[in-house]
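Breakdown of the fold
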Amino acid sequence: MLKGKNALVTGASRGIGRAIAIELAKQGANVAVNYAGSADKAEAVVKELEELGVSAFAVQADVANEESVKDMIKQTIDTFGSLDILVNNAGITKDNLLMRMKEEEFDAVINTNLKGVFLCTKAVARQMMKQKSGRIVNVSSIVGVSGNAGQANYVAAKAGVIGLTKTAAKEFASRGILVNAVAPGFIATDMTDVLTDEQKEAMLTLTPLAKFGQAEDVARVVRFLCSEDANYMTGQTLHVDGGMVM
Ligand code: NAD
């Protein structure tokens, strides 16, 4: 389905990003595995991808830093020769009630989860415009649609990602670049592992399918948005949330 395509997935050394990298590789795409911290986990993902028969490499970059992002995109294009797919997946949480939330907590989450998407999109779009084609998929969150107490920073960023997706879709449509988003609900990863049993239980009661999603559930929808099956879709946000928001 994606044979010969070259992809970059941010925050791909674990969780949803890792699952997306594997799903794209299963369809034949070469994948650059972005990571922020230690290289070990990213290198392990690279190995898994190579075992699927594609080219892969790990690339360190902080998505919130413009120079770092530019270097990452350059390395990816230098290595693969082109860049067909960008998945903006990297994200963090720093939860607190709004009245207790510190400015640093707000800024850190906006910088990684929203500015990071802007910086990566801008850097990649230059290349995709030259190619006259490309796919960008942004990982938002269902709370960006519904709101969520204790996550003003995260919700603002994820709602911003949906707006950014629509705007980029409109600006890039004539250049053959399609931009869509996914909005996952509660997915079992390191990010949600830190929640208390009470918080997890509360999430489950809000989920009609009455179970947590898996990283692969999100990855398969991202793969669809990167494929020719989604040729006539742009600016959309697909909910992958077990029915939380209808
Ligand atoms: P995770 O914490 O396992 O993965 C996040 C990844 O992003 C990590 O690999 C981390 O190193 C990387 N990252 C963080 N800051 C970075 C930076 N500045 N530069 C580059 N990489 C950075 O969490 P996850 O659940 O796999 O989350 C992946 C995405 O899905 C995030 O955007 C998250 O907000 C979103 N999401 C997750 C859920 C969920 O329930 N798990 C729900 C909705 C949306």
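Rules behind the numbers
- Residues numbered from 1 in each chain as written.
- Predicted model: local features only at pLDDT ≥ 70, side-chain atom pairs only at ≥ 80, totals over all residues.
- Heavy atoms only, no water.
- UniProt positions renumbered as here; feature names shortened; annotations may be inferred.
- Helix = DSSP H or I, 4+ residues; strand = E, 2+ residues; numbered from the N terminus.
- Expected span 1.5 Å × (residues − 1).
- Bend = angle between axes of the 7 residues up to and from the residue.
- Near = heavy atom within 4 Å.
- Polar contact = N/O pair within 3.5 Å; in protein donor to acceptor, adjacent residues only side chain to side chain.
- Nonpolar A, V, L, I, M, F, W, Y, C, P; charged D, E, K, R; others polar.
- Buried < 20%, exposed > 50% of the residue type's maximum accessible area, 1.4 Å probe, protein only.
- Contact = heavy atoms within 4.5 Å.

- Per an unreviewed UniProt entry, the protein chain carries the name 3-oxoacyl-[acyl-carrier-protein] reductase and comes from Aciduricibacillus chroicocephali.
- Listed in UniProt under the heading Sequence similarities (unreviewed entry), the comment for the protein chain reads: "Belongs to the short-chain dehydrogenases/reductases (SDR) family."
- The record held by UniProt for the protein chain lists under Pathway (unreviewed entry) the comment "Lipid metabolism; fatty acid biosynthesis."

Considerations on helix α4 (residues 103–131)
- Between its terminal C-alpha atoms α4 stretches 40 Å, which fits the 42 Å expected from 29 residues at 1.5 Å a residue.
- Along α4, the sharpest kink reaches roughly 40°, centred on K115.

Details of the site of the ligand
- In the vicinity of the ligand, 28 residues are found, and the nearest of them are R14, N89, Y154, I187 and T189.
- One of the backbone N or O atoms of N89 is found 2.7 Å from an oxygen atom in the ligand.
- Per-element tally for the shell around the ligand: the top contributor is helix α7 (residues 190–193), with three residues.
- The class makeup of the residues in the shell around the ligand is twelve nonpolar, twelve polar and four charged.

Section: the environment of A125
- Positionally, A125 belongs in helix α4.
- For A125, a relative accessible area of 3% translates into the label buried.
- If we ignore the near neighbours within four places in the chain, the residues touching A125 are F172 and I177.

Some thoughts on helix α3 (residues 66–80)
- Between its terminal C-alpha atoms α3 stretches 21 Å, which fits the 21 Å expected from 15 residues at 1.5 Å a residue.
- On the buried face of α3, the contacting elements are β1 (6–9), β2 (30–35), β3 (56–60) and α4.
- Where α3 starts, the residue carrying a side-chain oxygen 3.0 Å from the main-chain nitrogen of E67 turns out to be N65.
- Positioned one or two residues after α3, G81 has a phi angle of 90°, which is positive.

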